[in-house]
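Per-entry structural report
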Amino acid sequence: MNPTPAERVAVILRDEFAAHGVRLPDIRADLSDPRQPQLQLGTIPLGTGFALLRVLTDYQRLLKAERARSERRG
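The residue numbering used here restarts from 1 in each chain and proceeds along that chain's sequence as written. In view of the model being predicted, local features appear only for residues whose pLDDT reaches at least 70, and side-chain atom pairs are presented and counted only at 80 or more, with totals across whole chains, interfaces and linings using the full set of residues. The basis for every side-chain value is the complete set of heavy atoms in the structure, and neither hydrogens nor water enter the calculation.

1. Focus: the side chain of E66
Secondary structure is summarised from DSSP: a helix means a run of H or I of at least four residues, a strand means a run of E of at least two, and numbering begins at the N terminus for each. Positionally, E66 belongs in helix α3 (residues 59–73). Setting aside residues no more than four positions away along its own chain, E66 makes contact with P5, R8, V9 and I12. Working rule for contacts: check all heavy atoms of both residues, and any pair within 4.5 Å makes them a contact.

See the structure below:
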């Protein structure tokens, strides 16, 4: 089964955090409402706030790009 756009964004965010030296194993897509997918973050270690802000500033851009990509294929 192909991952949804929200699932792909969750993987991208996990990879982005790892590139900044932040390991967040508990980041996943909540697909209970397919029209409004949500990302859920688990516990964030102390001292990762700046990395979190840096990565999440790109979240909307990533999600928008994934939606556009899926609409082009759909």
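2. Some words on the pattern of salt bridges
Every case where a carboxyl oxygen of Asp or Glu lies within 4 Å of a side-chain nitrogen of Lys or Arg is listed as a salt bridge. All chains considered together, the criterion is met by two salt bridges. E66 serves as the salt-bridge partner of R8, at 2.6 Å between the closest nitrogen and oxygen. In this pair, R8 is assigned in helix α1 (residues 5–19) and E66 in helix α3, connecting sequence segments 58 residues apart. Exposure classes here rest on a 1.4 Å probe applied to the protein chains alone. A residue is buried below 20% of its type maximum, exposed above 50%, and partly exposed in between. A residue is classified by how much of its surface remains accessible, and R8, at 15% relative accessible area, is buried. Among the salt bridges present, the one from E66 reaches R69, with a minimum N-O distance of 3.5 Å. Here E66 pairs with R69, and both are found in helix α3, just three residues apart, close to one helical turn. Members of the salt-bridge network, linked through shared partners, are R8, E66 and R69.

3. Remarks on the pairing of strand β1 (residues 27–30)
The two faces of β1 differ: I27 and A29 on one face are buried, but R28 and D30 on the other face are not. Of the pairings in the sheet, the one linking β1 to strand β2 (residues 38–41) comprises four bridges and is antiparallel in character. In the sheet register, D30 faces β2, and the bridge partner there is Q38. Strands qualify as paired when DSSP identifies two bridges or more between them.

4. A short note on the confidence of the model for the protein
When pLDDT drops low, the exact placement of atoms in the prediction is not to be read closely. This prediction gives the protein a mean pLDDT of 77; 91% of its residues lie at or above 70. How sure the predictor is of each residue is captured by pLDDT, a score from 0 to 100. By mean pLDDT, helix α2 (residues 49–56) is the weakest element of the protein at 71, and α3 is the strongest at 81.

5. Description of the side chain of R8
For R8, the side chain forms a polar contact with the side chain of E66, separated by 2.6 Å. Ignoring any residue separated from it by four or fewer positions in sequence, one finds R8 in contact with P3, E66, R69, S70 and R73. Pairs of N or O atoms are called polar contacts if they sit within 3.5 Å, as long as, within protein, a hydrogen donor faces a hydrogen acceptor (for residues adjacent in sequence, only side-chain-to-side-chain pairs).

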